[in-house]
Amino acid sequence: MKTFMSDFNSHCYAGMRFVVGFLFLWHGVQKLFGYPLPMPPGVPAYITYVAGPIELMGGVLVMFGLFTRYAAFLASGLMASAYWIAHGTNALLPLLNNGELAALYCFVFLFISTQGSGIFSVDALINRKKDI
């Protein structure tokens, strides 16, 4: 017996992958280029020059579905470390330490790294051309 919306699993996953990657890349754009909002003063350089490129490139790769598993796994690790470095030292619960976004990104990217790129992705196009 089919469950509600099960015919759209792969389409919804592709939509989620695209939106999550798109939203994530803007965190990198902000860190690297100060757009659309400048970074607050006093941000450590490693946040700008380590996290920024991972967020920008990881977001682009996940969004378009190229090397998705690797990019998502790296982004998941980045968000786990961001949670414990920036938020987890203030309080344990994300609601109290403003770390909900980092925790959510961490587990969404971990899920994406286990599922791969799916449909509507560059990886799927590359694999389809190899099969022909």
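Everything below is about the structure shown above.
Since we're looking at a predicted model, the values are computed, not measured. (Residues numbered from 1 in each chain as written. Predicted model: local features only at pLDDT ≥ 70, side-chain atom pairs only at ≥ 80, totals over all residues. Heavy atoms only, no water.)

(A) Seen up close, the overall build of the chain. Of the regular secondary structure elements, the chain holds six helices and zero strands. Along the chain direction, N to C, the helices and strands of the chain fall in the order α-α-α-α-α-α. Dimensions of the chain, computed from C-alpha atoms along their principal axes, come out at roughly 55 × 35 × 25 Å. For the chain, the proportion of its 132 residues judged to be buried stands at 35%. Relative to all contacts within the chain whose residues are 6 or more apart in sequence, the contacts with residues 24 or more apart total 67%. As displayed, the chain offers around 8,500 Å² of accessible surface, 73% of which is attributable to carbon and sulfur atoms. Mean positive and mean negative side-chain charge positions of the chain (7 and 5 charges, respectively) differ by 8 Å. (Helix = DSSP H or I, 4+ residues; strand = E, 2+ residues; numbered from the N terminus. Buried < 20%, exposed > 50% of the residue type's maximum accessible area, 1.4 Å probe, protein only. Contact = heavy atoms within 4.5 Å. Areas by Shrake-Rupley, 256 points an atom, 1.4 Å probe, with all protein chains shown as cover. Lys, Arg positive; Asp, Glu negative; His and termini not counted. Charge placed at Lys NZ, Arg CZ, Asp CG, Glu CD.)

(B) Seen up close, the pattern of salt bridges. Per the counting criterion, the structure on display carries two salt bridges. The salt bridge partner of Asp7 is Lys2, with a shortest N-O separation of 2.6 Å. (Salt bridge = Lys/Arg side-chain N within 4 Å of Asp/Glu carboxyl O.)

(C) Layout of the packing of helix α3 (residues 68–87) against helix α5 (residues 100–115). At a minimum axis distance of 7 Å, the contact between α3 and α5 shows a crossing angle of 160°. On the basis of their axis angle, the class for α3 and α5 is roughly antiparallel. Where α3 crosses over α5, the two elements pack in a sense that is left-handed. Two secondary-structure elements touch here, α3 through Thr68, Arg69, Ala72, Phe73, Ala75, Ser76, Met79, Ala80, Tyr83 and His87 and α5 through Ala102, Ala103, Tyr105, Cys106, Phe109, Leu110, Ile112, Ser113, Thr114 and Gln115. Looking at the contact of α3 with α5 residue by residue, the class counts come to 13 nonpolar, six polar and one charged. (Axes fitted to C-alpha atoms, helices over the stretch in contact; angles between N-to-C directions. Parallel < 35°, antiparallel > 145°, perpendicular 65-115°, else oblique. Left-handed = near helix turned anticlockwise from the far one by under 90°. Nonpolar A, V, L, I, M, F, W, Y, C, P; charged D, E, K, R; others polar.)

(D) The arrangement of the packing of aromatic side chains in detail. Applying the stated criterion across every chain, the model contains eight aromatic pairs. Between Tyr83 and Trp84, the ring centres sit 5.0 Å apart and the planes meet at 90°, which makes this aromatic pair edge-to-face. Judged by its relative accessible area of 7%, Tyr83 falls in the buried class. The class of Trp84 is partly exposed, set by a relative accessible area of 48%. (Phe/Tyr/Trp six-rings, centres within 6.5 Å; stacked < 30°, edge-to-face > 60°.)

(E) How the structure looks around the side chain of Glu55. Counting through the fold element by element, Glu55 comes out in helix α2 (residues 45–64). Setting aside residues no more than four positions away along its own chain, Glu55 makes contact with Phe24, Leu25, His27, Gly28, Lys31, Leu78 and Met79.

(F) The arrangement of the side chain of Asp123 in detail. Relative to the helices and strands, Asp123 resides in helix α6 (residues 122–131). Despite its burial, Asp123 pairs with no opposite charge; the closest candidate is Arg69, at 7.2 Å N-O.

(G) Inspection of α3 at higher detail. Between its first and last C-alpha atoms α3 spans 27 Å; for 20 residues at 1.5 Å apiece the expected length is 28 Å, and the two agree. The set of residues buried in α3 consists of Thr68, Ala71, Ala72, Ala75, Ser76, Leu78, Met79, Tyr83 and His87. Seen end-on, α3 carries its buried residues on one side only, within an arc spanning 165°. Facing away from the buried surface of α3 by more than 90 degrees, the exposed residues are Tyr70, Phe73 and Ile85. (Expected span 1.5 Å × (residues − 1). Arc of directions from axis to C-beta.)

(H) Inspection of the nonpolar core at higher detail. Ranked by size, the top nonpolar core spans 18 residues in total, and within it Phe24, Met79, Phe109 and Ile112 carry the most contacts. Ile112 has contacts with Tyr13, Met16, Arg17, Val20, Val62, Thr68 and Ala72, leaving out every residue within four places of it along the chain. (Core = buried A, V, L, I, M, F, W, Y, C linked by side-chain atoms within 4.5 Å.)

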